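As a plain string of letters, each chain reads:
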Amino acid sequence: MGRKKPLVVVTRKLPDVIETRMCELFDARLNIDDKPMSRNELAAALRAAEVLVPTVTDRIDAELIALAGEQMKLIANFGTGVDNIDVPAALSRGMTVTNTPGVLTEDTADMTIALILAVARRIVEGAKAIPAGHWTGWSPTWMLGRRITGKRLGIVGMGRIGQAVAHRARAFGLQIHYHNRRHVAAATEEALEATYWESLDQMLARMDIVSVNCPHTPATYHLLSARRLKYLRPHAILINTARGEIIDENALTRMLEAGELAGAGLDVFEHEPAVSPKLIKLANAGKVTLLPHMGSATTEGRIDMGEKVIINVKTFMDGHRPPDRVLPAML
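These figures come from a predicted structure and were not determined experimentally.

1. Section: a nonpolar patch on the surface
Next up, step 1: Together, Ile130, Trp135, Trp138 and Trp142 make up a nonpolar patch on the protein surface, roughly 550 Å² of accessible area in all.
Next up, step 2: Among the secondary structure elements, Trp135 is positioned in the loop between helix H6 (123-129) and strand E6 (152-156).

Written as structure tokens, this is what we have:
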């Protein structure tokens with residue numbers, strides 16, 4: 001007799017092919033209607049399951065982890081980050097935590113470039129003009145945006161996604177600048193003709209476009225604070241496809257309202273899924289482009305994430321070290 005299948009609780013609806021495979025391999029409890037689980041439901045899952053598969057919408061904090069049963073051994077996050085999980089608390093209870101790094105790099109970089117173009121060239125405003133009946137024909141001075149070729153792009157966080165953004169941006173003729181905890185490899189820097197800035201303040205003061213591509217950790221919370229945002233020049237645009245908490249959203253909103261920035265493109269928000277009414281008002285006025293956290297939303301990307309989760313769970317259950325373990329040193 002083989003060992004009975006482990007109980008795996010999945011907190012959100014995942015692609016069909018992933019759910020089917022999970023049901024084949026594990027005793028999988030799925031969330032077919034995709035309604036986010038309440039704290040009580042998450043607590044019940046931690047008490048019953050051997051494996052929890054949460055995602056970015058689930059806060060797995062120390063308080064919840066303390067309620068977990070002895071059989072609860074693995075938190076296999078369906079997501080690149082783990083800022084939704086108190087990793088030290090989980091590790092102190094003898095649990096392993098895994099994530100799904102690397103699979104969303106290209107999709108997120110594509111969306112970053114899409115937002116740069118959308119903000120600079122007023123694409124969303126333009127797309128609304130015809131259905132709203134506001135277009136009466138071509139005019140030399142109507143709906144003018146900004147050229148991006150020749151402009152300076154400052155990338156905050158030059159990890160996998162930051163580098164993928166830089167590679168794409170080079171093809172658009174943007175000059176690459178970046179701030180990171182350390183220099184990237186010399187060969188990469190040379191290939192991208194990228195300029196490293198040790199001082200984020202100094203880089204922000206000189207850029208035409210700034211793209212946030214770093215993870216959200218305690219060290220990057222409000223990295224772009226009210227003070228730092230003031231360094232941006234009035235013609236600059238700010239793009240965020242990383243995490244909302246990295247930018248002081250209230251300060252950014254005030255600057256956009258005051259016309260102290262040319263625009264912003266945001267795919268993430270500080271208090272998701274809530275979006276500030278002031279930001280929505282600015283979006284209606286064409287001052288900001290807002291997307292509903294779509295950066296990684298491709299069918300291929302979601303399936304790749306699911307496959308990574310399955311490999312992590314299967315490897316762990318087979319008594320081996322899962323490939324995407326998250327360790328305290330990584331936070």
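2. Considerations on unusual backbone geometry
Next up, step 1: Glu272 connects to Pro273 through a cis peptide bond whose omega is 0°.
Next up, step 2: Tracing the backbone through its elements, the reader meets Pro273 in the loop between strand E11 (263-266) and helix H12 (277-284).
Next up, step 3: The phi dihedral of Asp34 is positive, around 65°, even though this residue is not glycine.
Next up, step 4: Of the residues examined, Asp34 reaches a relative accessible area of 29% and is grouped as partly exposed.
Next up, step 5: A positive phi angle is found at His293, which is not glycine, with a value near 50°.
Next up, step 6: The exposure class assigned to His293 is partly exposed, which follows from its relative accessible area of 26%.

3. Some points on the sheet that holds strand E8 (residues 195-196)
Next up, step 1: Ordered in space as E8-E7-E6-E9-E10-E11-E12, the 7 strands form an open sheet in which the pairing is parallel. At either margin of the open sheet sits one strand with a lone partner, and together these are E8 and strand E12 (288-290).
Next up, step 2: Against the sheet, helix H7 (residues 160-171) makes contact with E6 and strand E7 (175-179), and its axis sits at roughly 170° relative to E6, the strand it touches most.

4. Quick word on the UniProt feature "domain: D-isomer specific 2-hydroxyacid dehydrogenase NAD-binding" (unreviewed entry) in the protein
Next up, step 1: Those places that UniProt annotates as "domain: D-isomer specific 2-hydroxyacid dehydrogenase NAD-binding" (unreviewed entry) correspond, in this numbering, to residues 113-295.
Next up, step 2: Annotation note: span residues 113-295, helix share 33%, strand share 15%, distance between end C-alpha atoms 11 Å.

5. Observations concerning the environment of Asn213
Next up, step 1: Among the structural elements, Asn213 can be located in the loop between strand E9 (209-212) and helix H10 (226-229).
Next up, step 2: A relative accessible area of 9% means that Asn213 is categorised as buried.
Next up, step 3: Residues Asn213 and Arg122 lie 91 residues apart in sequence; the distance between their C-alpha atoms is 22 Å.
Next up, step 4: Leaving out residues up to four positions away in the same chain, Asn213 has contacts with Thr112, Ile155, Val156, Gly157, Ile161, Gly162, Val165, Thr241 and Ala242.
Next up, step 5: Here Thr241 takes part through its side chain, which lies 3.5 Å from a polar atom of the side chain of Asn213.

6. A short note on the packing of helix H11 (residues 249-257) against H12
Two measures define how a pair of helices packs: the angle their axes make with one another and the distance between the axes.
Next up, step 1: At a minimum axis distance of 10 Å, the contact between H11 and H12 shows a crossing angle of 35°. Considering only the axes of H11 and H12, their crossing is left-handed. From H11, Glu249, Thr253, Leu256 and Glu257 reach across to H12, where they touch Lys278, Leu279 and Leu282.

7. Some remarks on the side chain of Asp107
Next up, step 1: Note that Asp107 resides in helix H5 (residues 105-120).
Next up, step 2: Although Asp107 lies buried, it forms no salt bridge, and the closest oppositely charged side chain, Arg168, sits 7.0 Å away as judged by the N-O distance.
Next up, step 3: Here Asp107 is in contact with Gly295, Ser296, Thr298 and Gly301, once residues within four sequence places are set aside.

8. Some points on the side chain of His179
Next up, step 1: Relative to the assigned elements, His179 resides in strand E7.
Next up, step 2: His179 gets classed as buried once you look at its relative accessible area, which sits at 16%.

9. Some remarks on the UniProt feature "domain: D-isomer specific 2-hydroxyacid dehydrogenase catalytic" (unreviewed entry) in the protein
Next up, step 1: The sites that UniProt annotates as "domain: D-isomer specific 2-hydroxyacid dehydrogenase catalytic" (unreviewed entry) are residues 19-326.
Next up, step 2: Secondary structure content for residues 19-326 is 37% helix and 13% strand, and the end C-alpha separation is 23 Å.

10. Regarding the packing of helix H1 (residues 16-25) against helix H13 (residues 299-317)
Next up, step 1: Where H1 meets H13, the closest approach of the two axes is 9 Å, and the angle between their N-to-C directions is 15°. Viewed along their axes, H1 and H13 adopt a mutual orientation that is roughly parallel. Where H1 crosses over H13, the handedness of that crossing is right-handed. Of H13, the residues touching H1 (which contributes Val17, Ile18, Arg21, Met22 and Leu25) are Ile303, Gly306, Glu307, Val309, Ile310 and Lys314.

Cut-offs applied
Residues numbered from 1 in each chain as written. Predicted model: local features only at pLDDT ≥ 70, side-chain atom pairs only at ≥ 80, totals over all residues. Heavy atoms only, no water. Patch = residues over 30% accessible without salt bridge, like charges linked within 9 Å, V, L, I, M, F, W, Y side chains within 5 Å. Areas by Shrake-Rupley, 256 points an atom, 1.4 Å probe, with all protein chains shown as cover. Salt bridge = Lys/Arg side-chain N within 4 Å of Asp/Glu carboxyl O. Helix = DSSP H or I, 4+ residues; strand = E, 2+ residues; numbered from the N terminus. Buried < 20%, exposed > 50% of the residue type's maximum accessible area, 1.4 Å probe, protein only. Pairing = 2+ DSSP bridges. Contact = heavy atoms within 4.5 Å. Axes fitted to C-alpha atoms, helices over the stretch in contact; angles between N-to-C directions. UniProt positions renumbered as here; feature names shortened; annotations may be inferred. Polar contact = N/O pair within 3.5 Å; in protein donor to acceptor, adjacent residues only side chain to side chain. Left-handed = near helix turned anticlockwise from the far one by under 90°. Lys, Arg positive; Asp, Glu negative; His and termini not counted. Parallel < 35°, antiparallel > 145°, perpendicular 65-115°, else oblique.

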